[in-house]
Amino acid sequence: MSLRIVSGQDYRTIVSLAESEGAGLIVLGTHRNEASNFFVIGTTMERVVREGSLPVLVVKGRVKGAYANVVVGVDFSIFSRAALGAGRRFAGAGKLRLVHACSVPFPGFLSGTRSADEVRDARRRDLADLIEREARVVEGEVHSVLRRQVCDMSADLLVIGTHSQAGTGLRWLGSVAETFLVRPPCDVLVVKAW
């Protein structure tokens, strides 16, 4: 490990230096009051995640050791595959829990819990194609499901895959990544896939 002091525009310098040095990860600490609902858009953290190609680990507090409990938010995309790979590496000998949040479409038109169970079972079968180990498919909104799973597992790391969307030349973070960067429940690793 070495220390370098450089000048330049914060996020551009961080991304450029990390990429030119062949780094595999950028680590940033939080420095804002978690209780305040600040916007992540426009911050150095958001710009490093958005502009760079490397995974970014946002550390919420003092490091206590290797990660023992890791939650990976997954869907059926290439972004989840990247998050799963990073989650496996960071979990090491610790516990790894994959979580997919799903919503039952038009629940008012479904009769009984059997229909909701059928939807969850179908999602579980889809998820089995993506991964080879047990995963949790939990009905509910993705942000609250992931926060609850992090809490239930006493997770010390949440891994999320995200992407850059090109449209008008701007790149945006996904809402899941943005939400967890604003109010991280624990350390958060954002993994990019292009």
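This text goes with the structure placed above it.
Criteria and thresholds
- Residues numbered from 1 in each chain as written.
- Predicted model: local features only at pLDDT ≥ 70, side-chain atom pairs only at ≥ 80, totals over all residues.
- Heavy atoms only, no water.
- Helix = DSSP H or I, 4+ residues; strand = E, 2+ residues; numbered from the N terminus.
- Buried < 20%, exposed > 50% of the residue type's maximum accessible area, 1.4 Å probe, protein only.
- Contact = heavy atoms within 4.5 Å.
- Areas by Shrake-Rupley, 256 points an atom, 1.4 Å probe, with all protein chains shown as cover.
- Lys, Arg positive; Asp, Glu negative; His and termini not counted.
- Salt bridge = Lys/Arg side-chain N within 4 Å of Asp/Glu carboxyl O.
- Polar contact = N/O pair within 3.5 Å; in protein donor to acceptor, adjacent residues only side chain to side chain.
- Pairing = 2+ DSSP bridges.
- Axes fitted to C-alpha atoms, helices over the stretch in contact; angles between N-to-C directions.

Undergrad: Teacher, can you tell me more about the overall build of the protein here?
TA: Scanning the protein from N- to C-terminus turns up six helices and seven strands. In the protein, the succession of α and β elements from N to C terminus is α-β-α-β-β-α-β-α-β-α-β-α-β. Put simply, the protein has 194 residues, and 41% of those count as buried. Contacts in the protein between residues at least 24 apart in sequence constitute 77% of all its contacts with a sequence separation of at least 6. Roughly 11,200 Å² of accessible area belongs to the protein as shown, and the carbon and sulfur atoms make up 52% of that amount.

Undergrad: Can you help me understand the side chain of Lys192 in this one?
TA: Here Lys192 lies in strand 7 (residues 187-192). Within the buried set, Lys192 has no salt-bridge partner at all; the shortest N-O distance to an opposite charge, 7.6 Å, is to Glu51. At a separation of 2.9 Å, a polar atom in the side chain of Lys192 contacts the main-chain carbonyl oxygen of Arg50. Looking at Lys192, its side chain comes within polar contact range of the main-chain oxygen of Gly52, at 2.9 Å.

Undergrad: So what exactly am I meant to see when it comes to the sheet that holds strand 6 (residues 157-162) here?
TA: Within a sheet, neighbouring strands are paired by backbone hydrogen bonds and run either parallel or antiparallel to one another. Pairing in this open sheet of seven strands is mixed, and the strands run 1-2-7-6-3-4-5 from one edge to the other. Edge positions in the open sheet fall to strand 1 (26-29) and strand 5 (136-139), since each of these has one partner strand only. With strand direction ignored, the average angle separating the axes of adjacent strands in the sheet is 25°. Two strands pair when backbone bridges link them, and strand 6 and strand 7 are joined in this way by six bridges, in the parallel orientation. Across the sheet, the residue bridging to Leu158 is Val188, located in strand 7. Contacts from helix 3 (residues 78-91) reach strand 2 (56-59), strand 3 (69-73), strand 4 (95-102), strand 6 and strand 7 within the one sheet, and its direction differs from that of strand 6 by about 155°.

Just geometry here; none of it tells us what the structure is for.
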